Amino acid sequence: MKHCSWCDNEFKTDISYQIYCSATCRDAATKEKIAARYVYARRQKRKGKDRKCKQCDNKLSIYNDDNLCIECNINPSEVSKVLKQIKGKAK
Ligand SMILES: [Zn+2]
Ligand SMILES: [Zn+2]
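Report on the accompanying structure.

Reading the values: rules and limits
- Residues numbered from 1 in each chain as written.
- Chains lettered and ligands numbered in written order.
- Predicted model: local features only at pLDDT ≥ 70, side-chain atom pairs only at ≥ 80, totals over all residues.
- Heavy atoms only, no water.
- Helix = DSSP H or I, 4+ residues; strand = E, 2+ residues; numbered from the N terminus.
- Rg over C-alpha atoms; globule rule 2.2 N^0.38 Å.
- Contact = heavy atoms within 4.5 Å.
- Areas by Shrake-Rupley, 256 points an atom, 1.4 Å probe, with all protein chains shown as cover.
- Donors = N, O, S within 2.8 Å, 3.2 Å for Na, K, Ca; no water.
- Tetrahedral: all angles 85-135°; square planar, octahedral: opposite > 155°, others 65-115°.
- Buried < 20%, exposed > 50% of the residue type's maximum accessible area, 1.4 Å probe, protein only.
- Salt bridge = Lys/Arg side-chain N within 4 Å of Asp/Glu carboxyl O.

1. Brief notes about the overall build of the protein
And then number 1: On a plain count of helices and strands, the protein comes out with three helices and two strands.
And then number 2: For the protein, the sequential pattern of α-helices and β-strands runs β-β-α-α-α.
And then number 3: For the protein, whose C-alpha radius of gyration is 20 Å, the value lies well above the compact-globule estimate of 12 Å for 91 residues.
And then number 4: For the protein, the spread of C-alpha atoms along the principal axes amounts to about 60 × 40 × 15 Å.
And then number 5: Once local pairs closer than 6 in sequence are excluded, the contacts in the protein between residues at least 24 apart make up 1%.
And then number 6: In the form shown here, the protein has an accessible surface area of approximately 7,900 Å², with 53% of it arising from carbon and sulfur atoms.

Right, dumping it as structure tokens:
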């Protein structure tokens with residue numbers, strides 16, 4: 001028995017290099033890898049560039065995908081929207 005590298009389900013296989021239980025898991029893992037590579041490449045591009053917050057002129061981190069710094073990015077209506085979504089899911 002093997003454990004799927006994506007969902008951790010146990011599965012049986014005769015193929016020694018198979019690490020996912022299904023095509024769905026393999027696709028999901030592949031998509032994530034591609035997304036991670038894309039995010040990484042985008043961050044690398046930002047290196048050495050001066051990006052500043054639209055609102056307060058703070059320097060933006062290369063990990064920040066927005067035009068606002070962390071302090072300016074917290075929008076109260078946005079926060080309550082997210083909280084509502086979380087509560088909705090909990091039901
Ligand atoms: Zn799986
Ligand atoms: Zn700011």
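Let us keep going from here.
2. Observations concerning the coordination of the zinc ion (ligand 1)
Geometrically, a metal with four donors at the corners of a regular tetrahedron has ideal angles of 109.5 degrees, and one with six donors at the corners of a regular octahedron has ideal angles of 90 or 180 degrees.
And then number 1: Coordination sphere of the zinc ion (ligand 1), protein contribution only: Cys4 (SG), Cys7 (SG), Cys21 (SG) and Cys25 (SG), at 2.2 to 2.3 Å.
And then number 2: One way to put it: the four donor atoms around the zinc ion (ligand 1) meet at angles of 106 to 117°, and that makes the site tetrahedral.
And then number 3: Along the chain, the residues donating to the zinc ion (ligand 1) are arranged with the sequence spacing C-x2-C-x13-C-x3-C.

3. Details of the coordination of the zinc ion (ligand 2)
And then number 1: Within the protein, the zinc ion (ligand 2) binds to Cys53 (SG), Cys56 (SG), Cys69 (SG) and Cys72 (SG); these donor distances fall in the range 2.2 to 2.3 Å.
And then number 2: In primary sequence terms, the donor set of the zinc ion (ligand 2) follows C-x2-C-x12-C-x2-C. With Cys53 in the loop between α1 (23-46) and α2 (70-73) and Cys69 in the loop between α1 and α2, this pair connects stretches of sequence that are 16 residues apart. A single burial state applies to Cys53 and to Cys69, both of which are buried.

4. Points about the pattern of salt bridges
And then number 1: Scanning the entire structure with this criterion turns up four salt bridges.
And then number 2: Salt-bridge contacts for Arg26 lead to Asp27; the nearest nitrogen and oxygen are separated by 3.9 Å.
And then number 3: We classify Arg26 as partly exposed; its relative accessible area is 44%.
And then number 4: Residue class for Asp27 comes out partly exposed when judged on its relative accessible area of 39%.
And then number 5: The salt bridge involving Asp50 is made with Lys59; its shortest N-O contact spans 3.8 Å. Each member of the pair, Asp50 together with Lys59, is exposed.

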